[in-house]
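Chain by chain, the residues run as shown.
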Amino acid sequence: MNILMPRAVLTNDGKIRAYNPHPLGKISRELWDNFRNCANHRFGWADPLDYSHSRLTAQPNWLLKQRREGARHGQKLPTELRQNIAAFAECLVDWENISDRDTLIIRMQPELADQDIIKRSRRADSVTFTDIGTGQIYRMRGLLFSDTFCPDKPSQTLGVTPLRRLLMARPPHCISRRASCCC
């Protein structure tokens, strides 16, 4: 859900000034996080950082939009290779009870190699594959392809953790306390 936020404010002398509710910087990020947590808790909205809301695999926005537009017009678009890789990863995790990214990638590699797809690199939030035949590069994102997917971080399957629930329930005064150090 989006909240209405002002794009401009009136100063004391009546001039219009631009207003950015979330400017760059660590303190601003903490302020914004506290605001989001307090608003979500106060109004009973879902926590966007709850692991139960995270996708196991994520597709690029342009691909999702393209598929939705095709569905609106009754078009059946061909499945893209990245969708097959994502579906394969989700099936392996489900069928073989894989509990970490490294095991998942090791398990995927033989089948992907049969299709001339190799793992190219990995980052904290993604794994990149290359189709040897076409040279096409596919960056895979989502929980299964991030370093968060590991036995050392069991909170990914627990929903809202007790610590997260505590942060969400912080009283609004934490926002004003943080704001005072920004002025």
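Residues numbered from 1 in each chain as written. Predicted model: local features only at pLDDT ≥ 70, side-chain atom pairs only at ≥ 80, totals over all residues. Heavy atoms only, no water.

Visitor: Tell me about the overall build of the chain, and name the residues and values.
Guide: Regarding its fold elements, the chain presents six helices and five strands. Listing every helix and strand of the chain by position from the N terminus yields β-β-α-α-α-α-β-β-β-α-α. Per-residue burial for the chain yields a buried fraction of 30% across its 183 residues. Of the roughly 12700 Å² of accessible surface on the chain, a fraction of 55% belongs to carbon and sulfur atoms. (Helix = DSSP H or I, 4+ residues; strand = E, 2+ residues; numbered from the N terminus. Buried < 20%, exposed > 50% of the residue type's maximum accessible area, 1.4 Å probe, protein only. Areas by Shrake-Rupley, 256 points an atom, 1.4 Å probe, with all protein chains shown as cover.)

Visitor: Tell me about the nonpolar core, and please be specific about residues and values.
Guide: Judged by nonpolar contacts, the single largest core of 19 residues is most densely connected at Ile-85, Leu-104, Met-108, Phe-129, Met-140 and Phe-145. When residues of this core are traced back to their parent elements, those giving at least two are α3 (81-96), α4 (101-114), β4 (126-131) and β5 (137-141). When residues in this core are grouped by element, the largest group, six residues, is from α3. Excluding residues within four positions of it along the chain, Met-108 makes contact with Ile-85, Phe-88, Ala-89, Leu-92 and Phe-145. (Core = buried A, V, L, I, M, F, W, Y, C linked by side-chain atoms within 4.5 Å. Contact = heavy atoms within 4.5 Å.)

Visitor: Could you give an account of helix α2 (residues 61-72), with specific residues and numbers?
Guide: An ideal rise of 1.5 Å per residue puts 16 Å on 12 residues; α2 measures up with 16 Å between its terminal C-alpha atoms. Count one or two residues on from α2 and you reach Gly-74, which has phi positive near 70°. (Expected span 1.5 Å × (residues − 1).)

Visitor: Provide a residue-level description of the pattern of salt bridges, including the pertinent values.
Guide: Across all of its chains, the model carries eight salt bridges by this definition. The residue Arg-122 makes a salt bridge to Asp-102 at a minimum N-O spacing of 2.2 Å. Here Arg-122 is found in strand β3 (residues 117-122), whereas its partner Asp-102 is found in helix α4, with 20 residues between them in sequence. Here Arg-122 falls in the partly exposed class, since its relative accessible area comes to 44%. (Salt bridge = Lys/Arg side-chain N within 4 Å of Asp/Glu carboxyl O.)

Visitor: Tell me what's going on with unusual backbone geometry, and back it up with residues and numbers.
Guide: Unusually for a residue other than glycine, Asn-97 sits at a positive phi of about 50°. Its location among the elements puts Asn-97 in the loop between α3 and α4. Not every positive phi belongs to a glycine, and Asp-116 is a case in point at roughly 60°. Note that Asp-116 resides in the loop between α4 and β3. We classify Asp-116 as partly exposed; its relative accessible area is 42%.

Visitor: A description of the packing of aromatic side chains should follow, citing residues and the corresponding values.
Guide: All told, the structure shown has three aromatic pairs when counted by the stated rule. Aromatic pair Trp-32 and Phe-35: ring centres 5.6 Å apart, planes at 45°, arrangement tilted. Taken together, the residues span about one helical turn, with Trp-32 and Phe-35 both in helix α1 (residues 26-43) at a distance of three residues. On the basis of relative accessibility, which here comes to 25%, the residue Trp-32 falls in the partly exposed class. (Phe/Tyr/Trp six-rings, centres within 6.5 Å; stacked < 30°, edge-to-face > 60°.)

Visitor: Explain the sheet that holds β5 residue by residue, including any values.
Guide: Reading across the sheet, the three strands line up as β3-β4-β5 and stay open at both edges, with antiparallel pairing between neighbours. Every other strand in the sheet has two partners, leaving β3 and β5 as the edge strands with one partner each. In this sheet, adjacent strand axes meet at a mean angle of 30° when their direction is disregarded. Strand direction decides the pairing type here: β3 and β4, joined by five bridges, are antiparallel. The residue bridging Arg-122 from the neighbouring strand is Val-127, located in β4. (Pairing = 2+ DSSP bridges. Axes fitted to C-alpha atoms, helices over the stretch in contact; angles between N-to-C directions.)

Visitor: Run through the pairing of β5, naming residues and quoting values.
Guide: Burial of β5 is one-sided: the residues Tyr-138 and Met-140 facing one way are buried, the residues Ile-137, Arg-139 and Arg-141 facing the other way are not. As paired strands, β4 and β5 are joined by five bridges and run antiparallel to one another. Looking at the pairing, Val-127 lines up with Met-140 of β5.

Shape is all these values report; function is a separate question.
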